[in-house]
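Coordinate inspection notes
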Amino acid sequence: MKTLEYLNLDENKAGKVITNLNQLLANFQIYYTNLRGFHWNVQGKGFFTLHSKFEELYDEVSDQIDEIAERILQLNGTPENKFSEYLKVASIKEVGEVNCGNEAIDNILNTLKELIKAEREIIEIAGECGDDVTAALMGDYLKTQEKQVWMLVAFQTK
Ligand SMILES: [Fe+2]
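Residues numbered from 1 in each chain as written. Predicted model: local features only at pLDDT ≥ 70, side-chain atom pairs only at ≥ 80, totals over all residues. Heavy atoms only, no water.

**As for the packing of aromatic side chains**
To be explicit about the condition: Two rings from Phe, Tyr or Trp (for Trp, the six-membered ring) form a pair when their centres sit within 6.5 Å of each other. Planes less than 30 degrees apart are called stacked, planes more than 60 degrees apart edge-to-face, and all others tilted. Each helix corresponds to a stretch of at least 4 residues labelled H or I by DSSP, and each strand to a stretch of at least 2 residues labelled E; elements are numbered beginning at the N terminus. Under the scheme applied here, a residue whose accessible area is under 20% of the maximum for its type counts as buried, over 50% as exposed, and between as partly exposed, the area being computed with a 1.4 Å probe on protein chains only.
One pass over the full model with this rule turns up 5 aromatic pairs. Each ring, one from phenylalanine 38 and one from phenylalanine 54, has its centre 5.9 Å from the other, and the planes form 55°; the classification is tilted. Of this pair, phenylalanine 38 sits in helix 2 (residues 11–41) while phenylalanine 54 sits in helix 3 (residues 47–74), and the two are 16 residues apart along the sequence. Both residues of the pair, phenylalanine 38 and phenylalanine 54, count as buried. Between phenylalanine 83 and tyrosine 86, the ring centres sit 5.3 Å apart and the planes meet at 85°, which makes this aromatic pair edge-to-face.

Printed below as a string of structure tokens:
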């Protein structure tokens, strides 16, 4: 199915956006499973707060995963759905059982740092392609994530 002609976007330039979106998709999928693990395994005095917060975060990431995959389809690309492939291209690492809330938050902040960097790169690449919709989507994610960074850092500060 050819969509790019209707969108008035260049195929070669859109190809770069698709490659980067697929890498972002891989990172979001790993982030999602890491958040599920934090939600399940966190222990200690902050349990009730963090258990709920991690659920809120993974619900949001779940919606974003679908948006990224569907944006790839709109650009006439194919979103990857195999976890084995995600692990090959993702820059975010899977983490096993984490019981300590601060350790989970440190991991989330480092993941957000990585995602923010990747999304800014996509805004630049999408800009070169005239792909304002992908750029706007990345802008939405940055807005949410930068607020999350502020709140997570505030939570950690004594
Ligand atoms: Fe749950």
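Moving on, there is more to tell.
**Section: unusual backbone geometry**
Negative phi is the rule for most residues except glycine; trans is the rule for most peptide bonds. Here asparagine 8, not a glycine, exhibits a phi torsion of approximately 60°, which is positive. Inspection of the secondary structure assignment puts asparagine 8 in the loop between helix 1 (4–7) and helix 2. One non-glycine residue, asparagine 76, lies in positive phi territory at about 70°. Along the chain, asparagine 76 falls in the loop between helix 3 and helix 4 (83–89).

**Some words on the environment of alanine 154**
As for its position among the elements, alanine 154 is in helix 6 (residues 132–156). Assessed through its relative accessible area of 42%, alanine 154 is described here as partly exposed.

**Some remarks on the nonpolar core**
To keep it simple, the criterion reads: We define a nonpolar core as any set of buried Ala, Val, Leu, Ile, Met, Phe, Trp, Tyr and Cys residues linked to one another through side-chain atoms lying within 4.5 Å. In this analysis, two residues are considered to be in contact whenever any of their non-hydrogen atoms come within 4.5 Å of each other.
Ranked by internal contacts, the top residues of the largest apolar core, which has 46 residues, are Leu21, Leu24, Phe28, Leu35, Phe54, Ile68 and Ile108. Looking at this core, the elements with two or more residues in it are helix 2, helix 3, helix 5 (101–129) and helix 6. Tallying contributions element by element places helix 2 first for this core, with 13 residues. Beyond its immediate sequence surroundings of up to four residues, isoleucine 68 is in contact with Leu21, Leu24, Leu25, Phe28 and Tyr141.

**Focus on the packing of helix 2 against helix 5**
Our working rule: Axis lines are fitted through C-alpha atoms, for helices just across the contact stretch, and the angle between N-to-C directions can take any value from 0 to 180 degrees. Orientation is classified from the angle alone, with under 35 degrees giving roughly parallel, over 145 giving roughly antiparallel, 65 to 115 giving roughly perpendicular, and any other angle giving oblique. The handedness criterion is simple: a crossing whose near helix is rotated anticlockwise from the far helix by less than a right angle is left-handed, and one whose near helix is rotated clockwise is right-handed. Note that Gly is not counted as nonpolar here; it falls among the polar residues with everything else outside the nonpolar set of Ala, Val, Leu, Ile, Met, Phe, Trp, Tyr, Cys and Pro and the charged set of Asp, Glu, Lys and Arg.
Between helix 2 and helix 5, the least distance of the axes is 10 Å, while the angle of their chain directions is 165°. Judged on the interaxial angle alone, helix 5 and helix 2 are roughly antiparallel. Considering the relative orientation of helix 2 and helix 5, their crossing is left-handed. Residue composition of the contact of helix 2 with helix 5, grouped by class: 17 nonpolar, 5 polar and 4 charged.

**Topic: a negative patch on the surface**
Stated formally: For patch building, the residue pool is restricted to those with more than 30% relative accessible area and no salt bridge; the joining distance is 9 Å between like charges and 5 Å between nonpolar side chains (Val, Leu, Ile, Met, Phe, Trp, Tyr). Working definition of accessibility: Shrake-Rupley area with a 1.4 Å probe, residue cover restricted to the visible protein chains. Whenever Lys or Arg places a side-chain nitrogen within 4 Å of a carboxyl oxygen from Asp or Glu, that contact is recorded as a salt bridge. The charge count includes Lys and Arg as positive and Asp and Glu as negative, but it does not include His or the ends of the chains. Charge positions come from single atoms, namely NZ of Lys, CZ of Arg, CG of Asp or CD of Glu.
A cluster of acidic residues, Glu55, Asp59, Glu60, Asp63, Asp66, Glu67, Glu70 and Asp140, forms a negative patch at the surface. In terms of residue count, the dominant contributor to the negative patch is helix 3 (7 residues). Following the sequence through the fold, glutamate 55 ends up in helix 3.

Coordinates in, geometry out; function isn't part of it.
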